[in-house]
Amino acid sequence: QVQLVEFGGGLVQPGGSLRLSCVASGFTFSSYAMRWYRQAPGKERELVASITKIGGLTNYADSVKGRFTISRDNAKNTVYLQMNSLKPEDTAVYYCMAMVDFVNSWGQGAQVTVSS
């Protein structure tokens, strides 16, 4: 059974940093690309960043390019999202996602709030 558990959310001031972690289990982590999504109140869920299975390629939403970095440690079955220069508009619930055997699996989400 695929399980994804996010850690690291919280409250941070504008301009600050947070690092989210997502620990995966129940599948061969190193064989699958991973993605981070976010959903702000009243808005649709949007793709923030993705990383290929060995981490050779990454992609970012235009709104986070240059500020966020996705990475992975296949030995620890973990994907990370380093978020720098945070803005109030980054406030959202952040989810990691894996598509395993054509089925999308999601974590429970981590709340990130950027506010002074």
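Everything below is about the structure printed above this text.
Described below are features of the structure shown in this document. Note that this is a predicted model, so its numbers are computed, not measured.

**What about the overall build of the protein chain?**
In terms of regular secondary structure, the protein chain is built from zero helices and eleven strands. N-terminal to C-terminal, the α/β element order of the protein chain is β-β-β-β-β-β-β-β-β-β-β. The C-alpha atoms of the protein chain give 13 Å as radius of gyration, which agrees with the globular expectation for 116 residues (13 Å, within 12%). Structurally, the protein chain occupies a C-alpha span of about 40 × 25 × 20 Å along its principal axes. Across the 116 residues that make up the protein chain, the buried fraction comes to 41%. Across the protein chain, the fraction of contacts at a sequence separation of at least 24, relative to all contacts at a separation of at least 6, is 51%.

**Considerations on the state of the cysteines**
Under the counting rule described, the total for this entry stands at one disulfide. The partner cysteine of cysteine 22 in its disulfide is cysteine 96, sulfur to sulfur 1.9 Å. Measuring handedness by torsion sign, the sulfur bridge of cysteine 22 and cysteine 96 sits at about 50 degrees and is right-handed. In this pair, cysteine 22 sits in strand β3 (residues 18-25) while cysteine 96 sits in strand β9 (residues 92-100), placing the two residues 74 residues apart along the sequence. Per residue, the accessibility class of cysteine 22 equals that of cysteine 96, and both read buried.

**Comments concerning the nonpolar core**
Phe27, Trp36, Val79, Leu81, Met83 and Tyr94 are the most contacted members of the largest nonpolar core, which has 31 residues in total. Mapped onto this core, the elements with two or more residues apiece are β3, β4 (34-39), β5 (46-51), β7 (68-73), β8 (78-83), β9 and β11 (110-114). The residues touching phenylalanine 27, leaving out its near neighbours within four places in the chain, are Val2, Leu4, Tyr32, Met34, Ala98 and Val100.

**Quick look at the packing of aromatic side chains**
One pass over the full model with this rule turns up four aromatic pairs. Measuring from centroid to centroid gives 4.9 Å for tyrosine 37 and tryptophan 106, while their planes differ by 65 degrees, and the two rings are edge-to-face. Placement of tyrosine 37 in strand β4 and of tryptophan 106 in strand β10 (residues 103-106) is noted, with a sequence separation of 69 residues between them. For tyrosine 37, a relative accessible area of 16% translates into the label buried.

**Digging into the pairing of β10**
Of the strand pairs in this sheet, β9 and β10 are connected by four bridges, and their pairing is antiparallel. Residue pairing in the sheet places alanine 98 in a bridge with serine 105 of β10. Two successive antiparallel strands, β9 and β10, enclose a turn made up of two residues, where aspartate 101 displays a positive phi of approximately 55 degrees.

What counts and how
- Residues numbered from 1 in each chain as written.
- Predicted model: local features only at pLDDT ≥ 70, side-chain atom pairs only at ≥ 80, totals over all residues.
- Heavy atoms only, no water.
- Helix = DSSP H or I, 4+ residues; strand = E, 2+ residues; numbered from the N terminus.
- Rg over C-alpha atoms; globule rule 2.2 N^0.38 Å.
- Buried < 20%, exposed > 50% of the residue type's maximum accessible area, 1.4 Å probe, protein only.
- Contact = heavy atoms within 4.5 Å.
- Disulfide = S-S within 2.5 Å.
- Core = buried A, V, L, I, M, F, W, Y, C linked by side-chain atoms within 4.5 Å.
- Phe/Tyr/Trp six-rings, centres within 6.5 Å; stacked < 30°, edge-to-face > 60°.
- Pairing = 2+ DSSP bridges.

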